[in-house]
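Chain by chain, the residues:
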Amino acid sequence: MSTQELNRKFIEKYGESTEETRVFYAPGRVNLIGEHLDYNGGYVLPAALEFGTFLFVRPRSDSKVQFASTNLPYEASLDLSEIGNKSGEWIDYPVGVLVELAKKDLKLQHGYDLLFHGDIPNGSGLSSSASIEVVTAFAFLTLLGGDTDTVEIALLSQRVENQYVGVNSGIMDQFAVANGKRDHAILLMCDTLEYSLIPFVTGSYKLVIGNTNKKRGLVDSKYNERRSQCDEALAILKQEVPELSYLAELKPEQFEIHKDKITDETVRRRAKHVVEENQRVLDSVEVLKANNLKQFGQYMNDSHVSLRDLYEVSCLELDVMVEEAQKIPGTLGARMTGAGFGGCTVSLVHEDDVERFISEVGAAYTERTGLTGEFYVCGIGNGVEELKGAN
Ligand code: GLA
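Source: prediction; values computed, not measured.

Conventions adopted
Residues numbered from 1 in each chain as written. Predicted model: local features only at pLDDT ≥ 70, side-chain atom pairs only at ≥ 80, totals over all residues. Heavy atoms only, no water. Buried < 20%, exposed > 50% of the residue type's maximum accessible area, 1.4 Å probe, protein only. Helix = DSSP H or I, 4+ residues; strand = E, 2+ residues; numbered from the N terminus. Pairing = 2+ DSSP bridges. Axes fitted to C-alpha atoms, helices over the stretch in contact; angles between N-to-C directions. Contact = heavy atoms within 4.5 Å.

Caption draft 1: Representation of the pairing of strand β6 (residues 184-189) in the model. A large share of β6 lies buried, amounting to six of its six residues. Neither face of β6 is exposed, since His184, Ile186 and Leu188 on one face and Ala185, Leu187 and Met189 on the opposite face are all buried. Alignment of strand β2 (residues 43-59) against β6, held across two bridges, turns out to be antiparallel. Bridging from a neighbouring strand, valine 44 pairs with leucine 188 of β6.

Caption draft 2: Up close: the sheet that holds strand β8 (residues 205-211). An order of β9-β10-β8-β11 is seen for the four strands of this open sheet, with the pairing classed as antiparallel. Of all the strands in the sheet, just β9 (331-337) and β11 (374-378) have a single pairing partner and so form its edges. Looking at each pair of strands side by side, their axes are set apart by 20 degrees on average, direction ignored. Helix α9 (residues 293-309) rests against β8, β9 and β10 (344-350) of the sheet, and its axis sits at about 35 degrees to β9. Packing against the sheet, helix α10 (residues 316-327) makes contact with β8, β9, β10 and β11, and its axis sits at approximately 170 degrees to β9.

Caption draft 3: Seen up close, the pairing of strand β3 (residues 64-69). Within β3, five of the six residues are buried, which leaves the element mostly enclosed by the surrounding structure. As paired elements, β3 and strand β4 (residues 76-79) share four bridges and run antiparallel to each other. Following the sheet pairing, glutamine 66 is matched in β4 by serine 77. Relative to strand β5 (residues 112-118), β3 runs parallel, the two being bridged by five bridges. When the bridges of β5 are listed, phenylalanine 67 appears paired with leucine 114.

Spelled out as structure tokens, the structure:
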């Protein structure tokens, strides 16, 4: 839908006004490599997608804040005094942002009309919720004259997710959505939040995202279980390496020396994934700088194996899609992306083979799982921004 069409929808919904409607946008994200490392103080390599969430917003003269979306089924009109009441609906994301802003003395003084439009497939692990949080934070910081520093916006949005929505996620998603740059991956050190933009120039290769359309069951409880297993491993290894503050700080060679101190075999496997995946991110950056996409593809494959066998956050559907993707001759690498237990895969595929990839992987996937996958050929886009003159 074009921004002009969205503007018409906005007026259909909220009517005309002399106040200006402003338009903001934040993307979704894909993680290229470095999974389950953000809460372990490691490196991650995500990128912003070319699809995301638009927010049209216009001041009102009364005290109502109205929320609607073109793609999500729930709507609400809240009085300013009701901001902070949780609904269990998608509006908890933008409402949570307003609650966080109020803590920074940025309270709304009057109402607003808000219309969201997202073209990220919901619940697919491409960070549609982070995209809503970040676009809302950026929009209201702009409207209220606050600081629009995008690192602070990522942190604020993560607090919304952790404290208001109640999902214990790391910083990666919000950070990528807030700080993405066209044709670049973001190398983020999740402990210090130092980051650099790495040109992701893939020439005749395309990123293909495959949505398994498998509902991500139990993802929150399994996610939290992985987090506590990592904490357990850290506590044990800290006795050997006292200066260790995060699991991902350990080099693979150090891990080999101390690993037997972790007697629980499952916990040991979780830690091994973290340590080796972190090294893979650093190695990936080197090979990307040297334009060695083939080796990068190999690291993607290795990452999937580790997530499947050591961290155990994959599932049949993700494994089948990755396996079928790897059978296509033009595929350099394929892996699950995001938290796991369903959601999406990401593959690097030669442009001449993309059509074949979509039809053959799609057919085999359906045959083996009974589900219909969806595929998106994606470019890397920008992070959050105001779209001036878009309406
Ligand atoms: C989810 C979380 C992120 C990160 C990934 C796994 O997307 O929101 O913080 O932990 O899983 O890498």
